[in-house]
Amino acid sequence: MAAHSPVSTPSSSPVEATMPVGPWLLVVGMHRSGTSAVTGALGSLGLAVPVPQDRWAPTADNPEYWESRALGFQDDALLERLGGTWDRPPDPEHDWASDPDLGLDDLGDPAEAAATAFPHPGPIVWKDPRSCLLLPYWLPRIPKPVAAVFIWRSPLSVARSVQARDGMHLADGVALWERYNRSGLAGLAGVDTFVTRYESIVEDPVGKLGELVGWLGDLPQYAAHV
């Protein structure tokens, strides 16, 4: 009988997820600051938003969040490990990004969550307000070069919106606005960032988005996608 070559069998080991190459565009801003609207607009212009099966369901106060559930769960787990939540941020004085006792690596590879949200190649836009508090964790893990859009809205308008949605006292809402914006700006140091005010987008959406698109076109990583 003729000898047969050994039949190869598929490997049973799982394929390790890798961080989507992007390029990544982060939409950074406090809750209720218009980040959903801007992310949706950028998605309609061609950047990849999280796939539909991974997005949060619409609610009465927001018809589309454009947020990844997988990455949102990762952020919630991070905040919990740091001793906080989205509305009770962890101690800002603690150097948690370099604290070996926190065991952040035990939370799992964030590349798996990112690959769930963005399974296809090409430029992507990621928005999660909690990233304001967690940029020191994410930026070292996101492929470079990365860019960001920072959106800020009047603090009292944000506080009133959070009060209507969550019942938060106005003073607490303003304090939360300050913490998110301070943390977001500090975390974006050294990152190419387009800063815009939510109210200016409402006043002139086409003009302001045109400025944003023009700015993206000047960044080398988007030259092939303009």
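Everything discussed here concerns the structure shown above.
The structure reproduced in this document is the subject of the present report. Values in this document were obtained by computation on a predicted structure and should not be read as measured data.

1. Considerations on the overall build of the protein
Okay, step 1: Secondary structure assignment for the protein yields eight helices and four strands.
Okay, step 2: Written out in order from the N terminus, the α and β elements of the protein read β-α-α-α-β-α-β-α-α-β-α-α.
Okay, step 3: In the protein, which comprises 226 residues, the share counted as buried stands at 47%.
Okay, step 4: The contacts in the protein between residues at least 6 apart in sequence include a share of 78% that link residues at least 24 apart.

2. Points about the packing of aromatic side chains
Okay, step 1: All told, the structure shown has six aromatic pairs when counted by the stated rule.
Okay, step 2: One aromatic cluster is present, formed by Trp24, Phe118, Trp126, Tyr137 and Trp138 through successive ring pairs.
Okay, step 3: Over the aromatic face of Tyr137 sits the side chain of Arg141, whose NZ or CZ is 3.8 Å from the ring centroid.
Okay, step 4: Note that Arg165 overlies the ring of Trp86, its terminal NZ or CZ placed 5.4 Å from the centroid.

3. Some remarks on the layout of surface pockets
Okay, step 1: Empty space within the largest pocket amounts to approximately 490 Å³.
Okay, step 2: What lines the largest pocket is a set of 24 residues, among which Arg32, Asn62, Tyr65, Glu67 and Arg165 lie closest to the centre.
Okay, step 3: Elements represented by at least two residues in the lining of the largest pocket include exactly helix H1 (35–44) and helix H5 (155–166).
Okay, step 4: Element by element, the count of residues in the lining of the largest pocket is highest for H1, at three residues.
Okay, step 5: Residue composition of the lining of the largest pocket, grouped by class: eight nonpolar, eight polar and eight charged.
Okay, step 6: Roughly 210 Å³ of volume is contained in the second largest pocket.

4. A look at the pattern of salt bridges
Okay, step 1: Here the structure, examined in full by the defined rule, presents ten salt bridges.
Okay, step 2: Two residues, Arg55 and Glu64, come together in a salt bridge whose shortest N-O distance is 3.5 Å. Like Glu64, Arg55 is buried.
Okay, step 3: Between Arg165 and Asp166 there is a salt bridge, with its nearest N and O atoms 2.8 Å apart.
Okay, step 4: Its relative accessible area of 38% is what places Asp166 among the partly exposed residues.

5. Here we look at the side chain of Arg55
Okay, step 1: Counting through the fold element by element, Arg55 comes out in the loop between H1 and helix H2 (69–81).
Okay, step 2: Here the side chain of Arg55 touches Pro50 through a polar contact of 2.6 Å, landing on its backbone oxygen.
Okay, step 3: Setting aside its immediate chain neighbours within four residues, Arg55 contacts Val49, Pro50, Glu64, Trp66, Glu67 and Arg69.

Criteria and cut-off values
Residues numbered from 1 in each chain as written. Predicted model: local features only at pLDDT ≥ 70, side-chain atom pairs only at ≥ 80, totals over all residues. Heavy atoms only, no water. Helix = DSSP H or I, 4+ residues; strand = E, 2+ residues; numbered from the N terminus. Buried < 20%, exposed > 50% of the residue type's maximum accessible area, 1.4 Å probe, protein only. Contact = heavy atoms within 4.5 Å. Phe/Tyr/Trp six-rings, centres within 6.5 Å; stacked < 30°, edge-to-face > 60°. Lys NZ or Arg CZ within 6 Å of the ring centre and 35° of its normal. 1 Å grid on protein atoms, 1.4 Å probe; cavity = no way out; pocket = protein on both sides within 12 Å on 5 of 7 lines; lining within 4 Å. Points joined across faces, edges and corners; volume = space filled by probe spheres on them. Nonpolar A, V, L, I, M, F, W, Y, C, P; charged D, E, K, R; others polar. Salt bridge = Lys/Arg side-chain N within 4 Å of Asp/Glu carboxyl O. Polar contact = N/O pair within 3.5 Å; in protein donor to acceptor, adjacent residues only side chain to side chain.

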